[in-house]
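Analysis of the macromolecular model
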Amino acid sequence: MRIGLLGFGVVGRGVYDLTAGRQDMTVAKVVCLEDVTLPDAQVTKNFQDVITDDSIDTIVEAMGGLHPAYEFVKAAIEAGKNIVTSNKALVCTFYDELIPLAKEKGVCFRCTAAVGGGIGWLSELERARRMQTIEQVGGIMNGTCNYILDSMTRLGLGYDEALKQAQQLGYAEANPTTDVEGIDTWHKVILSSNIAFGVSLDKETVPVAGISQIKASDIANFTEKGYVCKLISTGKCKDGNISAYVQPTLVKQGQPESAVPANYNLITFVGSASDRMSFYGQGAGRYPTAYNVVQDCADVLLGRGFYSPYGEKTATNNTDTLRYYVSGVSDAWLAENTDERWNDAVITKPVSVSQIHAWRKNNPNAFIAAFAEG
Ligand SMILES: NC(=O)c1ccc[n+]([C@@H]2O[C@H](COP(=O)([O-])OP(=O)(O)OC[C@H]3O[C@@H](n4cnc5c(N)ncnc54)[C@H](OP(=O)(O)O)[C@@H]3O)[C@@H](O)[C@H]2O)c1
């Protein structure tokens, strides 16, 4: 395999290092905007140098962002090159275009590192669904949020302090919005559900609530009552109905999710034969992530194209009812649906997931957290 590597940052550099010296694959060209000299690969600032090189059969996209990643990946598929990417935003946003195009052109399209970084989650999901019906996917999919929530819970830090620490350690971006508002997790649960259930979820119907409104007083309430708050994604398929959402969730102390420390991930599927199967590990980092990118390249060599058949556009049906913890806002709807109070916060009666997320849209200062099922 001769690889054209797009981007030479955290992941790209890792891919270059992990493929060095391998007999079965070589990074032949690297598209990099900086002036870098590499002993074993030609470096160029011009993507055309890669796309027009017929000796390159596989593109590894590690630039991130939507543009020009989308234009480059699309052009590469049209030129008959396999794609391996770690870019969840790209795959999730252009799923309905890029996956069918790759199928039409007969090239492989893999993105294992896009969900869970170093955890072989999507590739195992691919194997899992060959044998059984997948009923549920989800869990803790964002290391930045987990780091913040864990630091607030175990070390007693305030939200701003915990975020600053995550930024200093390189776990959070200078602009943390995508992580703390749950968008990164949203991309990941949509991709996971698409593969697990063989659909293309209508993204507009997957609600998301993040952690940016949480306060130390909320954490104190949870600790007092024996709960730990985590940002948890859920994708469920029952009798053809799919529900999918991302929200802060209260898990009982002692449950596996409650014990996930620092920036780790814990992702789970429930299958009709295997039952519950969980994956724990580093959701990010140069070598863990590059490891999964190179694993995907090895799978391309074995002809493993994509994880599941491309599925048609499907809307979710988020009618599950859950109890919620709500703080920061009070209004008539909340008063009507109040079951009990925890200091200044409200515990609701069971309300549907779609109902409370619609309410939260009009009350963006509210912090909501669902009580975990079961
Ligand atoms: N880092 C992780 O642990 C991790 C884990 C899982 C998934 N991912 C995903 O992997 C992707 C890459 O992440 P990363 O952390 O490696 O990002 P990064 O360190 O910012 O690296 C991206 C590199 O691509 C370069 N680039 C941007 N536009 C380019 C262009 N038009 N042509 C050539 N190079 C260009 C950037 O150059 P400049 O800096 O000059 O703009 C940068 O060097 C993202 O989609 C991310 O979500 C990352």
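Things to note about the overall build of the protein chain
- Scanning the protein chain for helices and strands turns up 14 helices and 19 strands.
- At 21 Å, the protein chain has a C-alpha radius of gyration in line with the 21 Å of a compact globule built from 374 residues.
- Seen through its C-alpha atoms, the protein chain measures out along the principal axes to roughly 65 × 45 × 35 Å.
- In the protein chain, buried positions account for 48% of the 374 residues.
- Partitioning the contacts of the protein chain with sequence separation of at least 6, the portion at a separation of at least 24 is 74%.

What about the nonpolar core?
- With 112 residues, the main nonpolar core has V15 and I148 as its most contacted residues.
- The greatest single-element share of this core, amounting to seven residues, is contributed by helix α10 (residues 183-197).
- Counting only domains with at least three residues in this core, you end up with domain 1 (2-110) and domain 2 (131-281 + 312-371).
- Filtering out sequence-adjacent residues up to four positions away, V15 remains in contact with L5, V27, V60, A62, A290, V293 and V294.

Let's talk about the site of the ligand
- In the neighbourhood of the ligand, 22 residues make up the surrounding shell, with G7, G9, G64, N87 and A284 lying closest.
- Class assignment for the residues of the shell around the ligand results in eleven nonpolar, nine polar and two charged.

Quick notes on the pairing of strand β15 (residues 324-327)
- Alternating residues of β15 divide into Y324 and V326 and Y325 and S327, and every residue in both groups is buried.
- Summarising the sheet, β15 and strand β19 (residues 367-371) pair through four bridges and their orientation is antiparallel. If you follow Y325 over to β19, its bridge partner there is A369.
- Examined bridge by bridge, β15 and strand β17 (residues 345-348) share two bridges and lie antiparallel to one another. Residue pairing for β17: Y325 is matched across the bridge by I347.

Looking at the domain arrangement of the protein chain
- By the assigned domains, the protein chain splits into domain 1 (2-110) and domain 2 (131-281 + 312-371).
- One C-alpha centre belongs to domain 1, the other to domain 2; they are set 33 Å apart.
- The partner domain 2 presents seven residues to the six residues of domain 1 that form the contact.
- Looking at the side of domain 1 that touches domain 2, the elements with two or more residues in it are α4 (88-93) and α5 (95-105).
- With four residues, α4 is the largest single contributor of residues to the side of domain 1 that touches domain 2.
- Considered class by class, the residues forming the side of domain 1 that touches domain 2 number four nonpolar, no polar and two charged.

Concerning helix α6 (residues 121-131)
- For α6, the full list of buried residues reads W121, L122, S123 and L125.
- Looking at the buried residues of α6, the elements they touch are α10, β11 (264-271), β12 (275-282) and α12 (286-301).

Digging into the sheet that holds strand β2 (residues 26-31)
- As summarised here, the arrangement of the six strands in space is β3-β2-β1-β4-β5-β6, forming an open sheet in which the pairing is parallel. Two strands lie at the open edges of the sheet, namely β3 (42-44) and β6 (109-110), each paired on one side alone.
- Of the pairings in the sheet, the one linking strand β1 (residues 2-6) to β2 comprises five bridges and is parallel in character. For L5, the partnering residue across the bridge sits in β2 and is V30.
- Packing against the sheet, helix α3 (residues 69-78) makes contact with β1, β4 (58-61) and β5 (82-85), and its axis sits at approximately 165° to β4.

The rules behind each value
- Residues numbered from 1 in each chain as written.
- Predicted model: local features only at pLDDT ≥ 70, side-chain atom pairs only at ≥ 80, totals over all residues.
- Helix = DSSP H or I, 4+ residues; strand = E, 2+ residues; numbered from the N terminus.
- Rg over C-alpha atoms; globule rule 2.2 N^0.38 Å.
- Buried ≥ 20, exposed ≤ 12 C-beta atoms within 10 Å, placed from the backbone.
- Contact = placed C-beta atoms within 7 Å.
- Core = buried A, V, L, I, M, F, W, Y, C linked by C-beta atoms within 7 Å.
- Domains from an automatic or database assignment.
- Near = placed C-beta within 6 Å.
- Nonpolar A, V, L, I, M, F, W, Y, C, P; charged D, E, K, R; others polar.
- Pairing = 2+ DSSP bridges.
- Axes fitted to C-alpha atoms, helices over the stretch in contact; angles between N-to-C directions.

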